[in-house]
Amino acid sequence: MKEILDIIEKNFIDEIYLTGFIDTDETGVTEFTALMRYLFFEFGGQLIKIESVEQYSKLSISKAVSVLLEIDLEDVIPAKSRISNIIFNNPLKDNKVAEIEFFNLQVDKLSEISCDALKIILLNKQEIFLDPSFLGINIGPSEVEKLWRDNQSVDYVITPTRINLET
């Protein structure tokens, strides 16, 4: 966990990648199909992989070497797409993480973190909320967090762990 937090604390978010595959249909048009199960955040050339796991009920956060993943489909090519220009309020600014809030944090291994949901707060006060779902990882502003909270059962207990990274 410390290694992941060190990467986040010492660097800006350079890019957010969405993975998937490309396929060419009979008309020759190439289409990118997103696999929302994975997102990769690039911090100073280092990658943090966020994956929807445990039947899409938790997020797994770990360090990664590469963005590309093996795809179990024939006749398709693994691909990635840069999505920071869609996610960031201002993709041209230095998007530094000020605070991270994990919901029901678990440290399974020294190099892997899991949680029910995750909120990233940038120095410019922009909030990026991530939660797992059957369709993949939902990512967006505070409205995504509100929807996630509204969809929890009445007896669900949210235990937040907030880590301040401002230096």
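Note: the structure precedes this text.
(A) Structural context of helix α3 (residues 142-150). Among the residues of α3, those classed as buried are Val-144, Glu-145 and Trp-148. Considered in projection along α3, the buried side chains sweep an arc of 100° and stay on one side of the axis. More than 90 degrees from the buried face of α3, the exposed residues found are Glu-143, Lys-146, Leu-147 and Asp-150. Summarising the contacts, the buried residues of α3 are in contact with β6 (97-103), β9 (117-122), β10 (127-133) and β11 (136-140).

(B) Representation of the environment of Ser-60 within the structure. On the secondary structure map, Ser-60 appears in strand β4 (residues 58-64). Taking the C-alpha atoms as reference, Ser-60 lies 15 Å from Ile-100; in sequence the two are 40 residues apart. Ignoring any residue separated from it by four or fewer positions in sequence, one finds Ser-60 in contact with Lys-49, Ile-50, Glu-51, Val-53, Glu-112, Ile-113 and Ser-114.

(C) Just the pairing of strand β2 (residues 30-43), in detail. Where strand β1 (residues 13-24) and β2 come together, 10 bridges link them in antiparallel fashion. When the bridges of β2 are listed, Ile-16 appears paired with Phe-41.

(D) Focus on the environment of Pro-141. Within the element layout of this structure, Pro-141 appears in the loop between β11 and α3. Residues Pro-141 and Glu-31, 110 residues apart in the sequence, show an inter-C-alpha distance of 27 Å. Beyond its immediate sequence surroundings of up to four residues, Pro-141 is in contact with Glu-127 and Phe-129.

(E) A look at the sheet that holds β9. Within the open sheet, the 5 strands sit side by side as β11-β10-β9-β6-β12. Their pairing is antiparallel. Each edge of the open sheet carries a strand with a single partner, namely β11 and β12 (160-164). Taken pair by pair, the neighbouring strands of this sheet meet at an average axis angle of 15°, ignoring direction. Pairing of β9 with β10, which is carried by 4 bridges, proceeds in the antiparallel orientation. Following the sheet pairing, Ile-121 is matched in β10 by Glu-127. Each of β6, β9, β10 and β11 touches α3; the most contacted strand, β10, lies at about 35° to it.

(F) Representation of the packing of aromatic side chains. Counted by the stated rule, this structure contains 5 aromatic pairs. Centre to centre, the rings of Trp-148 and Tyr-156 are 6.1 Å apart; their planes meet at 90°, and the pair counts as edge-to-face. The class for Trp-148 is buried, based on a relative accessible area of 7%. For Tyr-156, a relative accessible area of 24% gives the class partly exposed. One aromatic cluster is present, built from ring pairs that chain together Phe-103, Phe-129, Trp-148 and Tyr-156. Sitting over the face of the ring of Tyr-17, Lys-80 holds its NZ or CZ atom 4.8 Å from the ring centroid. The ring of Phe-12 is capped by Lys-96, whose NZ or CZ atom sits 5.9 Å from the centre of that ring.

Procedures and definitions
- Residues numbered from 1 in each chain as written.
- Predicted model: local features only at pLDDT ≥ 70, side-chain atom pairs only at ≥ 80, totals over all residues.
- Heavy atoms only, no water.
- Buried < 20%, exposed > 50% of the residue type's maximum accessible area, 1.4 Å probe, protein only.
- Helix = DSSP H or I, 4+ residues; strand = E, 2+ residues; numbered from the N terminus.
- Arc of directions from axis to C-beta.
- Contact = heavy atoms within 4.5 Å.
- Pairing = 2+ DSSP bridges.
- Axes fitted to C-alpha atoms, helices over the stretch in contact; angles between N-to-C directions.
- Phe/Tyr/Trp six-rings, centres within 6.5 Å; stacked < 30°, edge-to-face > 60°.
- Lys NZ or Arg CZ within 6 Å of the ring centre and 35° of its normal.

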